[in-house]
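Listed here are the chains, written in short residue letters.
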There are 2 protein chains.
Amino acid sequence: MQFFKTENKNTHFCFFSSLTREQIAQLNLEEINKTFKKGEVIFNEGAYPNALYVVYKGVVKVHMYGDSGKEQIIRLAQPGDLLGYRSLISNDPYRATASATEETRLFKIPKDTFFNLIKQNTDFSLKLMKLLSDDLKNAERKVIYMAQKSVREKIAEALLLLNDTFGIDENNFAIKSKLTRKEIGDIAGVTTESTIRTISDFNKENIINIDGKKIIITDLNRLKSEVKNKIA
Amino acid sequence: MQFFKTENKNTHFCFFSSLTREQIAQLNLEEINKTFKKGEVIFNEGAYPNALYVVYKGVVKVHMYGDSGKEQIIRLAQPGDLLGYRSLISNDPYRATASATEETRLFKIPKDTFFNLIKQNTDFSLKLMKLLSDDLKNAERKVIYMAQKSVREKIAEALLLLNDTFGIDENNFAIKSKLTRKEIGDIAGVTTESTIRTISDFNKENIINIDGKKIIITDLNRLKSEVKNKIA
DNA sequence: CGAGGAGTTGATTCCAATCAATTTCGGTGG
DNA sequence: CCACCGAAATTGATTGGAATCAACTCCTCG
């Protein structure tokens, strides 16, 4: 079961890899009999959560809109990641929308099961708290990022995130992401035009290589060094 | 005991007001025999937490530095708020520094007590999760804020935060904050000069009134309307 | 094969940072 | 009590980075 992967992902950590098999068994994971296609919405801002989702295949973008209508991608959820647990715990309506960025399949954990597990299993609770803490850490880090970094740094960071999240194609070494330039900009908090210009700059400087829409990171170290003072 | 205040604070919620008296008794609250003066550091970025702090009197700023050295204030903790619980749960060194913005007194909850309580008291755990969730919600909101808002909106938001956090003086209606203009800018993620100019604009437009360093919000509604699409 | 979305590029604008200089204020020691 | 010092606040001038506006090309997919 791929949940047990142990790779150390940069941005998110695989929640399930930290659970025991027994704990996973208690989850009553129920596979949703539906494959979400690119762009399909899993849940919408404003809706009330009645279950927790677990990404099983694919990558989901969690995004919200500023008042001007500009989109901001809050995070990317990959296999093993939870979706919508924050709203569930806070008992709030979703404040963000979740959409598939590629063919995606999900498990569902009924709300009751989830809360029962929290109540019965302190170990599970602790792990969930740790997950929340880590997400909070990332979000706080992103605040300072948005406030202080240049477009160039933001795009470099976004590309590194894509690299970590989607991985690379064995054949052509391109990042296996289906995100558009606009969406990359939405991660970085930057306009589409600036995103394109910056990606083009990186290309000219041989830090990356553009092959159509595909991006190949040719000099990972230089890309990383664009992101100063990176916090692991 | 002032922890039982019920005011609905805008940005943080008073953790202790949601606990039963019994739960509070279990906390082994230990008053720290020290009054922190304005500017004094409670804990430093990089240090390892060995206890949880509860603000009892005063307001504490939690802040970190971008690589250029620019400061960013992550949040303001007021009486009843917890300090350092994220790092404690994640078992990380502190990633931010906490300093008093005025005379501050703290309680301390030993690390062991804290974790024992989590393990023994599911209700407490749930409340802690809710707290984490709410902080996460705020942080995510701030990400989009930093990415998309103008200086004017950011300063308006910061002033509203000050108003909620410090309250106003009964005599002159000034916000009872001892923060400098620079610090207000550090909340908003804006330079000191831009902060001053914007505050001065609000003054000219009779949205606020400046009396020396003191700020009096004279037209709260207009100030609020500067912050479009405010999420409660 | 047409249409529309995605990508790209160039020109222009403008907001806010930066740089620079001056004033005000709060505290402190003589 | 006052003079003085350094920090904070303020104001002005300039710069620059990124958004915006606009036009065009290139896919791709129905």
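Keep in mind it's a predicted model, so treat the numbers as computed, not measured.

Cut-offs and rules
Residues numbered from 1 in each chain as written. Chains lettered and ligands numbered in written order. Predicted model: local features only at pLDDT ≥ 70, side-chain atom pairs only at ≥ 80, totals over all residues. Heavy atoms only, no water. Pairing = 2+ DSSP bridges. Helix = DSSP H or I, 4+ residues; strand = E, 2+ residues; numbered from the N terminus. Domains from an automatic or database assignment. Contact = heavy atoms within 4.5 Å. Buried area = accessible area lost by both parts, 1.4 Å probe. Salt bridge = Lys/Arg side-chain N within 4 Å of Asp/Glu carboxyl O. Polar contact = N/O pair within 3.5 Å; in protein donor to acceptor, adjacent residues only side chain to side chain. Nonpolar A, V, L, I, M, F, W, Y, C, P; charged D, E, K, R; others polar. Near = heavy atom within 4 Å. Buried < 20%, exposed > 50% of the residue type's maximum accessible area, 1.4 Å probe, protein only. Axes fitted to C-alpha atoms, helices over the stretch in contact; angles between N-to-C directions.

S.K.: Help me out: how do you make sense of the pairing of strand 9 (residues 208–211) of chain A in this one?
M.R.: Strand residues, when the strand is regular, have side chains that alternate between the two faces of the sheet. Residue and element names in this part refer to chain A. By the bridge criterion, four bridges tie strand 9 to strand 10 (residues 214–217) in an arrangement that is antiparallel. Counterpart to Asp-211 in the pairing with strand 10 is Lys-214. The hairpin formed by strand 9 and strand 10 contains two residues between the paired strands, and Gly-212 there has a positive phi angle of roughly 65°.

S.K.: Can you walk me through the domain arrangement of chain A in this structure?
M.R.: A common way to express how large an interface is: the accessible area buried when the components associate. All names here are of chain A. When cut into domains, chain A gives domain 1 (2–139) and domain 2 (149–225). The C-alpha centroid of domain 2 is placed 25 Å from the C-alpha centroid of domain 1. At the interface, 14 residues of domain 1 touch 16 residues of domain 2. At the boundary of domain 1 with domain 2, total buried surface from both sides reaches about 1300 Å², with 54% on carbon and sulfur atoms. For the pair domain 1 and domain 2, the interface holds four salt bridges. Its salt-bridge partner being Lys-38, residue Glu-183 comes within 3.7 Å of it at the nearest N-O pair. Joining domain 1 to domain 2, the criterion identifies eight residue pairs in polar contact (both at pLDDT 80 or more). The dominant element in the side of domain 1 that touches domain 2, judged by the number of residues it contributes, is strand 5 (residues 71–77), at four residues. In the side of domain 1 that touches domain 2, the residues fall into three nonpolar, five polar and six charged.

S.K.: Would you take a moment to explain the side chain of Lys-142 of chain A for this structure?
M.R.: The residue Lys-142 of chain A is located in helix 4 (residues 122–148) in this model. Excluding residues within four positions of it along the chain, Lys-142 of chain A makes contact with Gln-72, Ile-73, Ile-74 and Ile-187 of chain A together with Val-143 of chain B.

S.K.: Which parts of the structure should I look at to understand the protein's contact with DNA strand C?
M.R.: Around DNA strand C there are 15 residues in total, and Arg-181, Ile-196 and Arg-197 of chain A together with Val-151 and Ser-194 of chain B lie nearest to it. Within 4 Å of the protein, the atoms of DNA strand C are drawn from sugar and phosphate moieties in a proportion of 61%. Measuring from a phosphate oxygen of DNA strand C, one finds a backbone N or O atom of Arg-181 of chain A at 2.9 Å. One nitrogen or oxygen atom from the side chain of Lys-213 of chain A is found 3.4 Å from a sugar or linking oxygen belonging to DNA strand C. Every element with two or more residues in the surface near DNA strand C is listed here: helix 6 (181–188) and helix 7 (192–204) of chain A together with helix 7 (192–204) of chain B. Counting residues per element, the surface near DNA strand C draws most heavily on helix 7 of chain A, which supplies four residues. Tallied by class, residues from the surface near DNA strand C come to three nonpolar, five polar and seven charged.

S.K.: Can you help me understand the interface of chain A and chain B in this one?
M.R.: The interface of chain A with chain B comprises 43 residues on the first partner and 43 residues on the second. Counting the surface lost from both chain A and chain B, the interface buries some 4000 Å², and carbon and sulfur atoms represent 69% of this. It is Asp-67, Met-129 and Leu-136 of chain A that lose the most area in chain A upon contact with chain B, and together they represent 15% of the buried surface on that side. Lys-137 of chain B is paired through a salt bridge with Asp-92 of chain A; the nearest N and O atoms lie 2.9 Å apart. Summed over the shared surface of chain A and chain B, the result is ten residue pairs in polar contact (both at pLDDT 80 or more). Ranked by residues supplied to the side of chain A that touches chain B, first place goes to helix 4 of chain A with 20 residues.

S.K.: In this structure, what is going on with the environment of Asn-172 of chain B? I would like to understand it.
M.R.: All names here are of chain B. Residue placement: Asn-172 occurs in the loop between helix 5 (151–166) and helix 6 (181–188). Residue classification places Asn-172 among the partly exposed residues on the basis of a relative accessible area of 33%. C-alpha of Asn-172 to C-alpha of Leu-136: the two residues are 36 residues apart in sequence and 35 Å apart in space.

S.K.: Please clarify how the pattern of salt bridges should be interpreted in this entry.
M.R.: Opposite charge on two side chains allows them to pair when their charged atoms are near. Residue and element names in this part refer to chain A. Counted according to the given criterion, the structure contains 38 salt bridges over all chains. A salt bridge links Lys-61 to Glu-71; its shortest N-O distance comes to 3.1 Å. Of the two residues, Lys-61 sits in strand 4 (residues 60–65) while Glu-71 sits in strand 5, which places them ten residues apart along the sequence. Glu-71 matches Lys-61 in its accessibility class, with the two residues each being buried. Linking Lys-130 and Asp-134 is a salt bridge whose minimum nitrogen-to-oxygen distance equals 3.3 Å. Of this pair, Lys-130 and Asp-134 are both found in helix 4, four residues apart, which corresponds to roughly one turn of the helix. Several salt bridges share partner residues, and in doing so they unite Lys-38, Lys-61, Lys-70, Glu-71, Lys-182, Glu-183 and Asp-186 into one network.

S.K.: For this particular structure, what's the right way to read the sheet that holds strand 6 (residues 82–83) of chain B?
M.R.: Where strands meet in a sheet, backbone hydrogen bonds hold them as pairs that are either parallel or antiparallel. Residues and elements named next belong to chain B. Within the open sheet, the four strands sit side by side as 1-8-3-6. Their pairing is antiparallel. Strand pairing shows two members of the sheet lacking a second neighbour, strand 1 (30–31) and strand 6, which therefore form its edges. Bridging between strand 3 (residues 51–57) and strand 6 involves two bridges; their strand directions are antiparallel. Within strand 6, the position partnered with Tyr-53 by the bridge is Leu-83. The sheet strands contacting helix 3 (residues 111–120) are strand 3 and strand 8 (105–110), and the helix crosses strand 8 at an angle near 65°.

S.K.: Looking at this structure, how should I read the protein's contact with DNA strand D?
M.R.: Val-151, Thr-191 and Ser-194 of chain A together with Arg-181 and Ile-196 of chain B are the nearest of the 15 residues found near DNA strand D. Atoms of DNA strand D within 4 Å of the protein: sugar and phosphate make up 62%, bases the balance. One nitrogen or oxygen atom from the side chain of Glu-193 of chain A is found 3.2 Å from a base nitrogen belonging to DNA strand D. Within the backbone of Arg-181 of chain B, a nitrogen or oxygen atom sits 2.9 Å from a phosphate oxygen of DNA strand D. Of all the secondary-structure elements, those providing two or more residues to the surface near DNA strand D are helix 7 of chain A together with helix 6 and helix 7 of chain B. In terms of residues, the surface near DNA strand D owes the most to one element, helix 7 of chain B, which gives four residues.

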